Amino acid sequence: MSSITDVPVVLRKRAAPVPAYAWYRRSIRLLTAVLTRIAAIGVLALVWQFAPQWETAPGEYLVDPTFLPPLSEVLVAWWDLLVSGELWAHTEASLVRSAAGFGLAILIAVPLGLLIGWYSPIANLLNPLLEVFRNTAALAILPVFVLILGLGETSKISIILYGCTWPILLNTVSAVRTVDPLLIKSARSLGLGPVRLFQKVVLPAAVPTIFTGIRLAGAASILILIAAEMVGAKAGLGYLINYAQYNFAVPDMYAGIITISAIGLIVNQLLIVTERRFSTWRTN
């Protein structure tokens, strides 16, 4: 009888070692991607900084620093506004108005667009009315909103709601109407009823196009808000820019513009992340 020491030892397979340079290659790719994305912004920052300081002749500059101060001065003004709390107060007022109008637009336009795109009787009823209003720019009827609703928050939120509704509504209608007919025929051949067909086929296929409209509306909400805040507002980034212009506080004006651009960039990135999450759900 053989002892336990006579049993051959089974060698375990070792996992292939990860190349030592793999992390280095991934880091290089990530760094390259980041640098590529910020290269254009970096060039713009350099031009902005040095163009007003580049003296082409005694007392003459490539760009008049009175109207376009160097970026460093603008950043100093931005920091002073931030430390004093003034910038945050204006930003908070703008974000509340923009989020309210944008959120209401999503809640109204997405269900309405799904109904118009899916049910022909509703489309035939509302299409003439939609064609009238879709070609009317929001800023063109801003005075109407001010006259009817006054200079308060209601008119500003309402004009944002109006301007954001159309990109979402039109993209939602288009998303439903352009679903691949083969998908719909295949689902019907499998016995799916209208409700299940809409839930399992049409809605998932329409998600990317709907989010395209939402992203367009997100950008529009910021632009329309700034214009609305320049008319009778007492707070907000649009008011800050307008007030700084009238008082010739040029660095403060550009500080407000930079803040608006940063907010637009952040909002767009948040919508992209949300869209990816919904797209992952769609493919499951």
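Thresholds applied
Per chain, residue numbering runs from 1 following the sequence as it is written. Per-residue local features are limited, in this predicted model, to residues with pLDDT of at least 70; the limit for side-chain atom pairs, both in listing and counting, is 80 or more; totals at the level of whole chains, interfaces and linings are taken over all residues. Values reported for side chains reflect all heavy atoms of the structure, with hydrogen atoms and water molecules removed beforehand. UniProt positions are given in the numbering used here, feature names are shortened, and annotations may be inferred rather than shown by experiment. In this description, a nonpolar core means a group of buried Ala, Val, Leu, Ile, Met, Phe, Trp, Tyr and Cys residues linked to one another through side-chain atoms lying within 4.5 Å. Note on exposure labels: buried denotes an accessible area under 20% of the residue type's maximum, exposed denotes more than 50%, and partly exposed covers the range between, all computed with a 1.4 Å probe on protein chains only. Note on conventions: DSSP H or I runs of at least 4 residues are helices, E runs of at least 2 residues are strands, and numbering of each starts at the N terminus. Residues are treated as being in contact if the distance between any of their heavy atoms lies within 4.5 Å. A cavity here means a set of 1 Å grid points, computed over protein atoms only, where a 1.4 Å probe fits but cannot escape. A pocket is an open set with protein on both sides within 12 Å along at least 5 of 7 lines, and lining residues have an atom within 4 Å of a point. Grid points are joined across faces, edges and corners, and a volume is the space filled by probe spheres set on the points. Put simply, a salt bridge is a Lys or Arg side-chain nitrogen that is within 4 Å of an Asp or Glu carboxyl oxygen. Like-charged residues within 9 Å of one another, or nonpolar side chains (Val, Leu, Ile, Met, Phe, Trp, Tyr) within 5 Å, are grouped into patches, provided each residue has over 30% relative accessible area and no salt bridge. Per-residue and other accessible areas were derived by the Shrake-Rupley procedure at a 1.4 Å probe size, with only the shown protein chains allowed to occlude residues. Working definition: a ring pair exists when centres of Phe, Tyr or Trp rings (six-membered ring for Trp) sit within 6.5 Å. Plane angles under 30 degrees give stacked, over 60 give edge-to-face, the rest tilted.

Looking at an unreviewed UniProt entry, one finds the protein named ABC transporter permease, with Actinoplanes flavus as its source organism. Its UniProt record gives the protein the following Sequence similarities (unreviewed entry) comment, quoted word for word: "Belongs to the binding-protein-dependent transport system permease family." Annotation of the protein in UniProt includes, under Subcellular location (unreviewed entry), the sentence "Cell membrane".

Student: Mind showing me how you'd approach the nonpolar core here?
Tutor: Taken as a class, soluble globular proteins show a tendency for nonpolar side chains to be buried jointly. Among the nonpolar cores identified, the biggest contains 41 residues, and Phe102, Ile159, Ile168, Leu169, Ile210 and Ile214 are the most heavily contacted of them. Elements represented by at least two residues in this core include exactly helix H3 (86-118), helix H4 (120-134), helix H5 (142-149), helix H6 (153-177), helix H7 (181-189) and helix H8 (194-229). For isoleucine 159, the contacting residues outside a window of four places in its chain are Ala138, Ile141, Leu142, Phe145, Ile224 and Ala228. In this structure, Leu71, Ile222, Met253 and Tyr254 belong to the second largest nonpolar core, which totals 17 residues.

Student: Is there a simple way to explain the side chain of serine 221 in this structure?
Tutor: With respect to the helices and strands, the residue serine 221 is situated in helix H8. Residue classification places serine 221 among the buried positions, given a relative accessible area of 2%.

Student: Mind showing me how you'd approach unusual backbone geometry here?
Tutor: What you tend to see is this: most non-glycine residues have negative phi, and most peptide bonds are trans. Even without being glycine, phenylalanine 248 reaches a positive phi, approximately 55°. Structurally, the position occupied by phenylalanine 248 is in the loop between helix H9 (237-246) and helix H10 (250-283).

Student: Explain the layout of surface pockets here, please?
Tutor: Its volume calculated, the largest pocket comes out at about 300 Å³. Surrounding the largest pocket, Ile41, Leu44, Ala45, Trp48, Leu71, Ile257, Ile258, Ser261, Ala262 and Leu265 form its lining. Elements that contribute at least two residues to the lining of the largest pocket include exactly helix H1 (22-50) and H10. Examining the composition of the lining of the largest pocket, we find that 5 residues originate from one element, H10, more than from any other. Size it by volume and the second largest pocket reaches roughly 180 Å³. Lining the second largest pocket we find Leu95, Ser98, Ala99, Phe102, Gly218, Ser221, Ile222, Ile263, Val267, Leu270 and Leu271.

Student: Explain the pattern of salt bridges here, please?
Tutor: Think of it this way: side chains of opposite charge can pair up when their charged atoms draw near. Counting across every chain of the model gives 2 salt bridges. Between arginine 97 and glutamate 153 there is a salt bridge; the shortest N-O distance is 2.7 Å. Of this pair, arginine 97 sits in helix H3 while glutamate 153 is found in helix H6, placing the two residues 56 residues apart along the sequence. For glutamate 229, the salt bridge goes to arginine 97, with nearest N and O atoms at 2.7 Å. A residue pair is termed long-range when its members are at least 10 positions apart, and glutamate 229 in helix H8 and arginine 97 in helix H3 qualify at 132 residues. Judged on exposure class, the residue glutamate 229 and its partner arginine 97 are both buried.

Student: Is there a simple way to explain the UniProt feature "transmembrane region" (unreviewed entry) in the protein in this structure?
Tutor: Per the UniProt record, "transmembrane region" (unreviewed entry) is annotated on residues 30-51, 71-89, 101-120, 132-152, 221-241 and 253-273. From the first C-alpha to the last, residues 101-120 spans 28 Å; its make-up is 95% helix and 0% strand. Regarding residues 132-152, the helix share stands at 52% and the strand share at 0%, and the terminal C-alpha atoms are separated by 27 Å.

Student: Would you mind going over a nonpolar patch on the surface with me for this structure?
Tutor: The grouping of Leu30, Leu31, Val34, Leu35 and Ile38 at the surface amounts to a nonpolar patch, some 460 Å² of accessible area in total. Positionally, leucine 31 belongs in helix H1.

Student: What exactly am I supposed to notice about the packing of aromatic side chains here?
Tutor: Aromatic rings in a pair are described by how distant their centres are and how their planes are angled relative to each other. The tally for this structure, following the rule as stated, stands at 5 aromatic pairs. Here phenylalanine 67 and phenylalanine 248 contribute two aromatic rings whose centre-to-centre distance is 6.2 Å and whose plane-to-plane angle is 85°, an arrangement assigned as edge-to-face. Of this pair, phenylalanine 67 sits in the loop between strand E2 (60-61) and helix H2 (71-84) while phenylalanine 248 sits in the loop between H9 and H10, placing them 181 residues apart in sequence. Aromatic side chains tyrosine 162 and tryptophan 166 sit 5.8 Å apart centroid to centroid with 80° between the ring planes, which places their arrangement in the edge-to-face category. Here the residue tyrosine 162 and the residue tryptophan 166 both occupy positions in helix H6, the gap between them amounting to 4 residues, near one helical turn. Like tryptophan 166, tyrosine 162 is buried. Pairwise contacts between aromatic rings join Phe145, Tyr162 and Trp166 into one cluster.

Student: How should the side chain of threonine 91 be read in this particular structure?
Tutor: Relative to the elements of secondary structure, threonine 91 occurs in helix H3. Under the relative-accessibility criterion, threonine 91 is labelled buried at 7%. Sequence-distant contacts of threonine 91, defined by excluding residues within four places in its chain, comprise Leu237, Thr259 and Ile263.

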